[in-house]
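This is what each chain is made of:
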Amino acid sequence: MSTVFSGIQPTGEPHIGNLFGAMFNYVKLGEQYGKNAIYCIVDLHAPTNPLAYDKSTLARLTYEMALANMAVGLDPEKVIFFVQSHVREHSELSWLFTVQTPVGELERMTQYKDKAGKLESVPAGLLMYPVLMAADILLYKADTVPVGEDQLQHIELTREIARRFNHTFGETFPEPRAVLTQEALRVPGVDGNGKMGKSKGPGSTIGILEDFGSIWQKLRVAPTDPARVRRTDPGNPDICLIFDYHKLFSDLPTIQMVDVECRRAGIGCIDCKKALLTGIERTLTPIQARAAELQQRPQQVYDALAHGADQARAIAQPVMEEVREKMGF
Ligand code: ADP
């Protein structure tokens, strides 16, 4: 049976891009794959980006990311769910891949170029980020990786790293494939500034656990079709991020109504945004209720993660032994 692996960084509040691009898929694949579905909060990735890392909040954000995933429906009894730094083998395999990976391949990564461009001093770890990600996946010999479109290039590099290792040291790793959620390849940020991302700050994100008053404040000022200046101007939903969100949150009649009425100025942007808020509330209310319940019993979250790390280690250790032996250690 194939093995699923995916990771999520604890670098900020989990947002609706994570929800539709990754977290819903974790739950769905978890139901199919059981203990062959391995999900990890990748805290060792956090310090690669100094703009998104803060020592004083890392532990809290790690806990909140775990809680949010459990609130969305990820069941740690059914799948393997743990924190990356609790399983030391991730770092070791990452180093053994680092020594084999050409720097040129890493410098071509678009996420690296984007993030490095915003820094005065670029940590080597930012360049190595996709090597650590390859180690995360291949440590479990996973062949199926549910991610958003932004990670496709990194998965391609993981395949290259697996191929190179197999070629040099003998058949060891599968070449994993990405599984995309078609409807949420790249959820846009609510500030209209490209992809929604944790590291871009709360101005970009709609949090899964954010209160609806705060979500409304962001929606109210969110950009729409810039050509629609007056209420009587027709708009173009195809270029409007609010319409993108409707496609994720609203029922079909609402999506169709917005599509038609926006184009003939039958509905204004504020009413369109109010209809969207209804859909957001419908989706997020049960998740937020489960999160509030879990907040009452934080030890349950910590225990689940500790148990998950034991299960992950039991798979990772023999793989590391195999790698060490094949590499001559
Ligand atoms: P972020 O970019 O918010 O820091 P991560 O790097 O932790 O998120 O990614 C966690 C998962 O969420 C990955 O599978 C990633 O592809 C997915 N993801 C992140 N942002 C988006 C988005 N805006 N649209 C769709 N999927 C996304």
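Everything numeric here is computed off the predicted structure, so don't read it as measured data.

With respect to spatial proximity, 19 residues lie near the ligand, and among them Gln 9, Gly 17, Gly 21, Gly 148 and Lys 198 are the closest. The greatest single-element share of the shell around the ligand, amounting to four residues, is contributed by helix H1 (residues 16-33). Of the residues assigned to the shell around the ligand, the class counts are six nonpolar, nine polar and four charged.

Our focus in this paragraph is the pairing of strand S1 (residues 4-8). Burial analysis of S1 places five of its five residues in the buried class, the great majority of the element. Side chains Val 4, Ser 6 and Ile 8 of S1 all project onto a buried face; the interleaved residues Phe 5 and Gly 7 project onto the opposite face, where all are buried too. When S1 meets strand S2 (residues 37-41), the two strands line up parallel, connected through five bridges. Within S2, the residue paired with Ser 6 across the bridge is Tyr 39. A crossover connection joins S1 to the parallel S2 through H1; in handedness this β-α-β unit is right-handed.

A word on the packing of helix H3 (residues 89-98) against helix H6 (residues 124-138). Running from N to C, H3 and H6 point in directions that differ by 120 degrees, and their axes come no closer than 8 Å. In terms of axis orientation, H3 runs oblique to H6. Like other packed secondary-structure pairs, H3 and H6 cross with a definite hand, here right-handed. Here His 90, Leu 93, Ser 94, Phe 97 and Thr 98 of H3 lie close against H6, whose contacting residues are Met 128, Val 131, Leu 132, Ala 134, Ala 135, Asp 136 and Leu 138.

Okay, the nonpolar core next. Counting residues in hydrophobic clusters, the biggest one holds 79 residues, and the most contacted among them are Ile 38, Tyr 39, Phe 82, Ala 134, Ala 135 and Leu 138. Sorting elements by how many residues they give to this core places H6 first, with 10 residues. Shared between two domains, this core holds at least three residues of each, these being domain 1 (4-187 + 298-327) and domain 2 (211-290). Setting aside anything within four residues of it in sequence, one finds Leu 138 in contact with Leu 93, Thr 158, Ala 162 and Phe 173.

Further remarks concern the packing of helix H10 (residues 252-263) against helix H11 (residues 269-295). In the contact formed by H10 and H11, the axes pass within 11 Å of each other and the chain directions differ by 170 degrees. Here H11 runs roughly antiparallel to H10, going by the angle between their axes. Contact residues: Thr 254, Val 258 and Cys 262 in H10; Cys 272, Ala 275 and Gly 279 in H11. For the contact of H10 with H11, the class distribution of residues is four nonpolar, two polar and no charged.

Right, let's get into H6. The terminal C-alpha atoms of H6, which comprises 15 residues, lie 22 Å apart, in line with the 21 Å expected from a rise of 1.5 Å per residue. The largest bend along H6 measures about 40 degrees and falls at Pro 130. Listing the buried residues of H6 in full gives Leu 126, Met 128, Tyr 129, Pro 130, Val 131, Leu 132, Met 133, Ala 134, Ala 135, Asp 136, Ile 137 and Leu 138.

With that settled, consider unusual backbone geometry. Even without a glycine there, the phi angle at Lys 141 is positive, about 50 degrees. Topologically, Lys 141 is positioned in the loop between H6 and strand S4 (144-146). Look at Ala 265: it is not a glycine, yet its phi comes out positive at around 55 degrees. Among the secondary structure elements, Ala 265 is positioned in the loop between H10 and H11. Overall, the presence of 14 C-beta atoms within 10 Å leaves Ala 265 in the partly exposed class.

What follows concerns the domain arrangement of the protein. Along its sequence, the protein is carved into domain 1 (4-187 + 298-327) and domain 2 (211-290). Taken over C-alpha atoms, the centre of domain 1 sits 33 Å from the centre of domain 2.

Across the protein, the average pLDDT comes to 95, with 99% of residues at or above 70. For this predicted complex, the interface confidence score (ipTM) comes to 0.95, while the overall pTM stands at 0.93.

Time to look at the environment of Tyr 53. Among the structural elements, Tyr 53 can be located in the loop between S2 and helix H2 (55-72). With 10 residues separating them in the primary sequence, Tyr 53 and Asp 43 have C-alpha atoms 9.7 Å apart. Apart from the residues lying within four places of it in its own chain, the contact partners of Tyr 53 are Thr 11, Ala 46 and Pro 47.

What follows deals with the environment of Ile 242. One can find Ile 242 in helix H9 (residues 241-249). For the pair Ile 242 and Leu 294, spaced 52 residues apart in the sequence, the C-alpha separation amounts to 31 Å. Filtering out sequence-adjacent residues up to four positions away, Ile 242 remains in contact with Ala 222, Thr 224, Cys 272, Lys 273 and Leu 276.

Definitions and limits used
Residues numbered from 1 in each chain as written. Predicted model: local features only at pLDDT ≥ 70, side-chain atom pairs only at ≥ 80, totals over all residues. Near = placed C-beta within 6 Å. Helix = DSSP H or I, 4+ residues; strand = E, 2+ residues; numbered from the N terminus. Nonpolar A, V, L, I, M, F, W, Y, C, P; charged D, E, K, R; others polar. Buried ≥ 20, exposed ≤ 12 C-beta atoms within 10 Å, placed from the backbone. Pairing = 2+ DSSP bridges. Right-handed = clockwise from strand over helix to strand, strands pointing away. Axes fitted to C-alpha atoms, helices over the stretch in contact; angles between N-to-C directions. Parallel < 35°, antiparallel > 145°, perpendicular 65-115°, else oblique. Left-handed = near helix turned anticlockwise from the far one by under 90°. Contact = placed C-beta atoms within 7 Å. Core = buried A, V, L, I, M, F, W, Y, C linked by C-beta atoms within 7 Å. Domains from an automatic or database assignment. Expected span 1.5 Å × (residues − 1). Bend = angle between axes of the 7 residues up to and from the residue. pLDDT = per-residue confidence, 0-100.

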